[in-house]
Amino acid sequence: MAARVLRGLCWARPALLPARTPRGILHRAAAGAAPSSEFRSQYALDRLYPEQKRSDAEEGTQDGTKQTSPDIPVVNSKAEVRFHLASADWIAEDVRQKIAVMHKNKINKSGELILNSEVSRYQMKNLADCLEKIRNMIKEATQKSSVVSKENSQLLIARVQKMNRERLRQKKINSTIKQSRRVDFD
Amino acid sequence: MAAASRGGGGGPKALELLRALPRVSLVNLRPNPGAKKSERRRGRGRHGGKKSGRGHKGQRQRGNRPRLGFEGGQTPFYLIIPKYGYNEGHSHRRQYHPLSLQKLQYLIDLGRVDPTQPIDLTQLTNARGVTIQPLKRDYGVQLVEKGADNFSAKVNIEVQMASELAIAAIEKNGGVITTGFYDPRSLEILCKPIPFFLRGQPIPKRMLPPEDLVRYYTDAKNRGYLANPSNIPEARLELAKKYGYVLPDISKDELFQMLSTRKDPRQIFFGLAPGWVVNMSEKKILKPTDERLLRYYSS
């Protein structure tokens, strides 16, 4: 079963070994760049995933975030991220201002935005959480509120009124039915 | 008197003493005081006798107590709690022995595991870092996050399962991690290679993972050994962005050759192919020459 799935991954091409140009990048060599003495079975990765032209993935992370380790000398798992908001050129200007307004409680006197995280017992996870919070803040600040046009707002009001009318009509019908079933003491 | 009771000096002085003392025999031997404590026999003497530890009258003394679990008529605990299949099929579940990054760092620091060679289950077993019992449904080793914050070793490691933080911790230090599947027979051979070689059987080919594990091992996020190698740099970058570290460029490393060595999906040992017979006593390797065998072992 697994064999069938894996063979399906092969592109329908004859299994000729492509001339391998040694590229000093991890993924290519990690595929088991095969010298002739190495063992290669039918499931060798070069055969499962034949070479394709692709551009190298850029490697790098956001710069501008610093991690300050707290002064407590014992096992520290709290992660704190702070960066000077005004001079962060990796955020757009208007987004920056919006963040300064939305999260003004998190900005200190010298203009640094400070974020803490203590969710997990591992500092790496807490750092990841801090970065996730920064991403969410930027996402919120980039959102534009939807403006309802005049016709649409009138349509919405008309719809609500119609709903209410219909609801009251149904209620009156139900009420007449119930009344017709009543038997008064005569 | 036993010769051992004379502590005296070491070496030659003790020998001199031994020459002068009488021969050790059953007559001269006795255990150290306090080593043997005699048991309390019931019905004998002040402490074992009279009621002999049975209490006073009633069911206790007369040996008529009800069965274990009986609660005097109240529905007992073992009947009132509903049945639920917590342990159902437990003997068919795959188990993975946890290996924390802390323990790995400990083994590397003590020199039991060599970080300049690819680290495999065989290396971990030889270093007695883990003990795998393939017969108890163990399917290998899983890398666990404990000690991720203090991990600082650059290794090329192959485990059976790894959590995301563990992968991040290893790649942060410039290492390489792969997850690979071993079926029980291959696992037993991997953990105890020498008894296998002594059997004189050809090395079998490693079987592919079962259906429910194929998805796990073809995913670059888990660094599966069957995943597309071109997806792995993206996965590494994604992890680096998530956890906020700069991804070190391994290709500039001096150990790049070692770090990029990986096993073929059908291979159990580095440098040995399936079908080969290893002769330990004569230090020879026998390889098959028949065409059908070669076709079988390379499929």
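Here the structure is a predicted model, which means the values were calculated and not measured.

A.B. asks: Run through the overall build of chain B, naming residues and quoting values.
C.D. replies: Scanning chain B from N- to C-terminus turns up 13 helices and 7 strands. Taking the principal axes of the C-alpha coordinates as reference, chain B spans close to 85 × 75 × 50 Å. Counting over 299 residues, chain B shows a buried share of 41%. Residue pairs in contact within chain B that sit at least 24 positions apart in sequence constitute 56% of those at least 6 positions apart. Positive and negative side-chain charges of chain B, numbering 51 and 27 respectively, have mean locations separated by a distance of 19 Å.

A.B. asks: If you had to explain the nonpolar core to someone new, which residues and values would you point to?
C.D. replies: All names here are of chain B. Ranked by size, the top nonpolar core spans 51 residues in total, and within it Leu101 and Leu143 carry the most contacts. Looking at which element gives the most residues to this core, the answer is helix H7 (residues 164-172), with 6 residues. When near neighbours in sequence (up to four residues on either side) are disregarded, leucine 101 contacts Leu143, Val144, Glu145, Lys146, Gly147, Ala148, Phe151, Ala166, Ala169 and Ile170.

A.B. asks: An account of the packing of aromatic side chains is needed here, citing residue identities and associated values.
C.D. replies: The way to describe two aromatic rings as a pair is by their centre distance and the angle between their planes. Overall, the coordinates contain 9 aromatic pairs over all chains when judged by the stated rule. A centroid spacing of 5.4 Å and a plane angle of 45 degrees characterise the contact between phenylalanine 83 of chain A and tryptophan 90 of chain A, whose relative ring orientation is tilted. The class of phenylalanine 83 of chain A is buried, set by a relative accessible area of 3%. A residue is classified by how much of its surface remains accessible, and tryptophan 90 of chain A, at 32% relative accessible area, is partly exposed. Measuring from centroid to centroid gives 4.7 Å for tyrosine 84 of chain B and tyrosine 86 of chain B, while their planes differ by 55 degrees, and the two rings are tilted. One aromatic cluster in this structure is built from Tyr139, Phe181, Tyr216, Tyr217 and Tyr225 of chain B. When the ring centre of tyrosine 296 of chain B is taken as reference, the NZ or CZ atom of lysine 205 of chain B above it lies at 3.9 Å.

A.B. asks: Residues and numbers for the packing of helix H5 (residues 123-142) of chain A against helix H11 (residues 232-243) of chain B, please.
C.D. replies: Packing of H5 of chain A against H11 of chain B brings their axes to within 7 Å, and their N-to-C directions diverge by 85 degrees. Relative to H11 of chain B, H5 of chain A is oriented roughly perpendicular. Along its contact with H5 of chain A, which presents Met124, Lys125, Leu127, Ala128, Leu131 and Arg135 of chain A, the element H11 of chain B presents Lys241, Lys242 and Tyr243 of chain B. Of the residues contributing to the contact of H5 of chain A with H11 of chain B, the split by class is 5 nonpolar, no polar and 4 charged.

A.B. asks: A description of the confidence of the model for chain A should follow, citing residues and the corresponding values.
C.D. replies: Residue and element names in this part refer to chain A. Averaged over all residues, the pLDDT of chain A is 75; the fraction at 70 or higher stands at 67%. Highest mean pLDDT in chain A belongs to helix H6 (residues 150-181) (94); lowest belongs to helix H2 (residues 26-30) (39). Residue range residues 10-36 is modelled with pLDDT below 50. Its contacts to residues more than four positions away, or to other chains, number 41 contacts. Low pLDDT (under 50) marks residues 53-66, which in the prediction has 25 contacts with non-local residues, meaning those over four places away or in another chain.

A.B. asks: Go over the environment of methionine 137 of chain A with me, naming the residues and quoting the values.
C.D. replies: Residue and element names in this part refer to chain A. Tracing the chain through its elements places methionine 137 in helix H5. Judged by relative accessible area, which is 6%, methionine 137 ranks as buried. The sequence separation of methionine 137 and histidine 103 amounts to 34 residues, and the corresponding C-alpha distance is 8.6 Å. The contacts of methionine 137, once residues within four sequence positions are left out, are Ile99, His103, Leu113 and Leu115.

A.B. asks: Would you mind going over the pattern of salt bridges in detail, with residue names and values included?
C.D. replies: Side-chain pairs of opposite charge can arise whenever the charged atoms involved come near each other. Here the structure, examined in full by the defined rule, presents 20 salt bridges over all chains. A salt bridge links arginine 236 of chain B to glutamate 171 of chain B; the shortest N-O distance between them is 3.6 Å. Of the two residues, arginine 236 of chain B sits in helix H11 while glutamate 171 of chain B sits in helix H7, which places them 65 residues apart along the sequence. Judged by its relative accessible area of 1%, glutamate 171 of chain B is buried. Residues joined in a network through salt bridges with shared partners are Glu80, Arg82 and Glu112 of chain A.

A.B. asks: I'd like a description of the environment of asparagine 152 of chain A, backed by residues and values.
C.D. replies: Relative to the elements of secondary structure, asparagine 152 of chain A occurs in helix H6. Placed 15 residues apart in sequence, asparagine 152 of chain A and methionine 137 of chain A show a C-alpha to C-alpha distance of 30 Å.

A.B. asks: An account of H11 of chain B is needed here, citing residue identities and associated values.
C.D. replies: Residues and elements named next belong to chain B. The first and last C-alpha atoms of H11 sit 16 Å apart over 12 residues, in line with the 16 Å expected at 1.5 Å per residue. Looking only at H11, the buried set comprises Ile232, Pro233, Ala235, Arg236, Leu237, Leu239, Ala240 and Tyr243. Two residues or fewer past H11, glycine 244 is found with a positive phi of approximately 70 degrees.

A.B. asks: Would you mind going over the UniProt feature "domain: Large ribosomal subunit protein uL15/eL18" (unreviewed entry) in chain B in detail, with residue names and values included?
C.D. replies: As recorded in UniProt, the sites labelled "domain: Large ribosomal subunit protein uL15/eL18" (unreviewed entry) are residues 98-178 of chain B. Helix makes up 30% of residues 98-178 of chain B and strand 23%, with an end-to-end C-alpha separation of 16 Å.

A.B. asks: Give a description of a nonpolar patch on the surface that names residues and reports values.
C.D. replies: Residues and elements named next belong to chain B. On the surface, a cluster of nonpolar side chains totalling about 560 Å² of accessible area is made up of Phe77, Tyr78, Leu79, Ile80 and Ile81. Looking at where isoleucine 81 falls in the secondary structure, it is placed in the loop between helix H4 (77-80) and strand S1 (95-100). By relative accessible area, which is 44% here, isoleucine 81 ends up partly exposed.

A.B. asks: Quick rundown of the packing of helix H4 (residues 93-102) of chain A against H5 of chain A? Include the residues and the values.
C.D. replies: All names here are of chain A. Where H4 meets H5, the axes come as close as 9 Å, and the angle between the chain directions of the two elements is 105 degrees. On the basis of the axis angle, H4 is roughly perpendicular to H5. Contacts between H4 and H5 involve Val95, Lys98, Ile99 and Met102 on the former and, on the latter, Met137, Ile138, Glu140, Ala141 and Thr142. Taken together, the residues of the contact of H4 with H5 sort by class into 6 nonpolar, 1 polar and 2 charged.

Parameters at a glance
- Residues numbered from 1 in each chain as written.
- Chains lettered and ligands numbered in written order.
- Predicted model: local features only at pLDDT ≥ 70, side-chain atom pairs only at ≥ 80, totals over all residues.
- Heavy atoms only, no water.
- Helix = DSSP H or I, 4+ residues; strand = E, 2+ residues; numbered from the N terminus.
- Buried < 20%, exposed > 50% of the residue type's maximum accessible area, 1.4 Å probe, protein only.
- Contact = heavy atoms within 4.5 Å.
- Lys, Arg positive; Asp, Glu negative; His and termini not counted.
- Charge placed at Lys NZ, Arg CZ, Asp CG, Glu CD.
- Core = buried A, V, L, I, M, F, W, Y, C linked by side-chain atoms within 4.5 Å.
- Phe/Tyr/Trp six-rings, centres within 6.5 Å; stacked < 30°, edge-to-face > 60°.
- Lys NZ or Arg CZ within 6 Å of the ring centre and 35° of its normal.
- Axes fitted to C-alpha atoms, helices over the stretch in contact; angles between N-to-C directions.
- Parallel < 35°, antiparallel > 145°, perpendicular 65-115°, else oblique.
- Nonpolar A, V, L, I, M, F, W, Y, C, P; charged D, E, K, R; others polar.
- pLDDT = per-residue confidence, 0-100.
- Salt bridge = Lys/Arg side-chain N within 4 Å of Asp/Glu carboxyl O.
- Expected span 1.5 Å × (residues − 1).
- UniProt positions renumbered as here; feature names shortened; annotations may be inferred.
- Patch = residues over 30% accessible without salt bridge, like charges linked within 9 Å, V, L, I, M, F, W, Y side chains within 5 Å.
- Areas by Shrake-Rupley, 256 points an atom, 1.4 Å probe, with all protein chains shown as cover.

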